[in-house]
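Residue-level listing of the chains:
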Amino acid sequence: MSNSSSITHFLLLPFADTRELQLCHFWLFLGISLAALVGNGLIITSTACDQHLHTPRYFFLLNLSLLDLCCISTTVPRSMANSLRDTRDISYTGCAAQLFFFLFFISADYFLLTIMSYDRDVAICKPLHYRALLGSRACVHMAAAAWGAGFLHALLHTANTFSLPLCGGNAVEQFFCVAPHILKLSCSHSYLREAGLLVLSCLLALGSFVFIVGSYVQIFRAVLRIPSEQGRHKAFSMCLPHLAVVSLFVSTGTFVYLKPPSFSCPSLDLVLSVLYSGVPPAVNPLIYSLRNQELKDAVRKQMTGCVSAAIHCLLSSAKGSQRRS
């Protein structure tokens, strides 16, 4: 029997066996990647460059967009490259790195969504204390805590997963490296450490979820007490995008990891994993900008500036060419 020291690479689950479908998968993932890159890139540059968006709400949104970009960059490019080259291979260290960074960014993403629910709660329920509770230093500390907690969570799971001996082959039944599928390859019967980590992860996830639900219970109670319809509409516009993103994240993630074994099949797992890891980073910018006029104006201003700069650069190049000729 082989063990982890003799495994030099893993075989990821392919999306298709025929060359035509592999190329379709490549173009589909390329479209998702470009959508995530453009959407999140516009939000990052707009919130960073526009002085009107230098508020706690948009500071957390900037961090969320950055995490979304990092998260999709750990899984999708490798899958695209494998489809283009008609291969399934990923090195042992590459798999470990992919697992670590995916867990790091996805965990920090979830913790940051929890912090953003607190931001919305304070903004609507305690508007007079908003600046005191969410000053610039407090916002930086909370964002750093989300990133730090994600890093620690990923480090613990990755170290534990790859410390176990592997003798069940090297075929991972997923298009990227995830802990549950790698643990299926383990021949060790000492699952005590992993069980402890899973319990800790479940408690953290459940605690964050309860905090988010509690925040929105208070928010909706406060919104329903607002006398004017315009005020209620503004409050809902502030909260609904975040609630939609949380719902998408939690529903897909919960179904992927907590679905009954009878519902498990490679094709379904593959589709759900794409919905869980690839779709949210691409659609989150759209969700956040749909009902946000401030963000729309900032993005429009940013795009107009980029187009104007490009036109100016082209005109300058054309004039320079004419002078040389």
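Residues numbered from 1 in each chain as written. Predicted model: local features only at pLDDT ≥ 70, side-chain atom pairs only at ≥ 80, totals over all residues. Heavy atoms only, no water.

## Quick word on the state of the cysteines
Alright, step 1. Tallied over the entire structure, the rule returns 1 disulfide.
Alright, step 2. Summary of cysteine pairing: C239 is not part of a disulfide, and the nearest cysteine sulfur, belonging to C125, is at 8.4 Å. (Disulfide = S-S within 2.5 Å.)

## Comments concerning the packing of helix α1 (residues 19-49) against helix α2 (residues 56-85)
Alright, step 1. Between α1 and α2, whose axes approach to 9 Å, the crossing angle comes to 160°. Overall, the two elements α1 and α2 adopt an arrangement that is roughly antiparallel. Viewed along their axes, α1 and α2 form a crossing whose handedness is left-handed.
Alright, step 2. Along the lines of polarity and charge, the residues of the contact of α1 with α2 split into 19 nonpolar, 9 polar and 2 charged. (Axes fitted to C-alpha atoms, helices over the stretch in contact; angles between N-to-C directions. Helix = DSSP H or I, 4+ residues; strand = E, 2+ residues; numbered from the N terminus. Parallel < 35°, antiparallel > 145°, perpendicular 65-115°, else oblique. Left-handed = near helix turned anticlockwise from the far one by under 90°. Nonpolar A, V, L, I, M, F, W, Y, C, P; charged D, E, K, R; others polar.)

## Concerning the packing of α2 against helix α5 (residues 136-161)
Alright, step 1. Across the interface, α2 lies against α5 with an axial gap of 10 Å and an inter-helix angle of 20°. Regarding the angle of α2 to α5, the classification is roughly parallel. Considering the relative orientation of α2 and α5, their crossing is right-handed. On α5, the residues that touch P56, F59, F60, N63, L66 and L67 of α2 are C139, V140, M142, A143 and W147.
Alright, step 2. In terms of residue class, the contact of α2 with α5 is built from 10 nonpolar, 1 polar and no charged. (Contact = heavy atoms within 4.5 Å.)

## Overview of the pattern of salt bridges
Alright, step 1. Per the stated rule, a full pass over the model turns up 1 salt bridge.
Alright, step 2. With its nearest N and O atoms 2.5 Å apart, the salt bridge here joins R120 to D119. (Salt bridge = Lys/Arg side-chain N within 4 Å of Asp/Glu carboxyl O.)

## Describing a nonpolar patch on the surface
Alright, step 1. A grouping of L206, F209, V210, V213 and V217 is seen on the molecular surface, where their side chains present a nonpolar patch of about 420 Å² in accessible area.
Alright, step 2. Examined against the element boundaries, L206 turns out to sit in helix α7 (residues 192-224). (Patch = residues over 30% accessible without salt bridge, like charges linked within 9 Å, V, L, I, M, F, W, Y side chains within 5 Å. Areas by Shrake-Rupley, 256 points an atom, 1.4 Å probe, with all protein chains shown as cover.)

## Focus: the confidence of the model for the protein
Alright, step 1. Considering every residue of the protein, the mean pLDDT works out to 83; 88% of them sit at 70 or more.
Alright, step 2. For the protein, per-element mean pLDDT is lowest for helix α11 (residues 293-324), which scores 71, and highest for α5, which scores 93. (pLDDT = per-residue confidence, 0-100.)

## Considering the nonpolar core
Alright, step 1. Membership of the largest hydrophobic core comes to 74 residues, with the highest contact counts inside it found for F10, F60, L113, F162, I182, Y288 and L295.
Alright, step 2. In terms of residues, this core owes the most to one element, helix α3 (residues 92-125), which gives 20 residues.
Alright, step 3. With sequence-adjacent residues up to four places away left out, Y288 is seen in contact with L61, L64, L113, M116, P241, H242, V245 and L295. (Core = buried A, V, L, I, M, F, W, Y, C linked by side-chain atoms within 4.5 Å. Buried < 20%, exposed > 50% of the residue type's maximum accessible area, 1.4 Å probe, protein only.)

## Here's the deal with the environment of K234
Alright, step 1. Among the secondary structure elements, K234 is positioned in helix α8 (residues 229-258).
Alright, step 2. For the pair K234 and V223, spaced 11 residues apart in sequence, the C-alpha to C-alpha distance is 9.5 Å.

## Digging into the packing of aromatic side chains
Alright, step 1. One pass over the full model with this rule turns up 18 aromatic pairs.
Alright, step 2. Each ring, one from F104 and one from W147, has its centre 6.0 Å from the other, and the planes form 75°; the classification is edge-to-face. With F104 in helix α3 and W147 in helix α5, this pair connects stretches of sequence that are 43 residues apart.
Alright, step 3. Judged by relative accessible area, which is 11%, F104 ranks as buried. (Phe/Tyr/Trp six-rings, centres within 6.5 Å; stacked < 30°, edge-to-face > 60°.)

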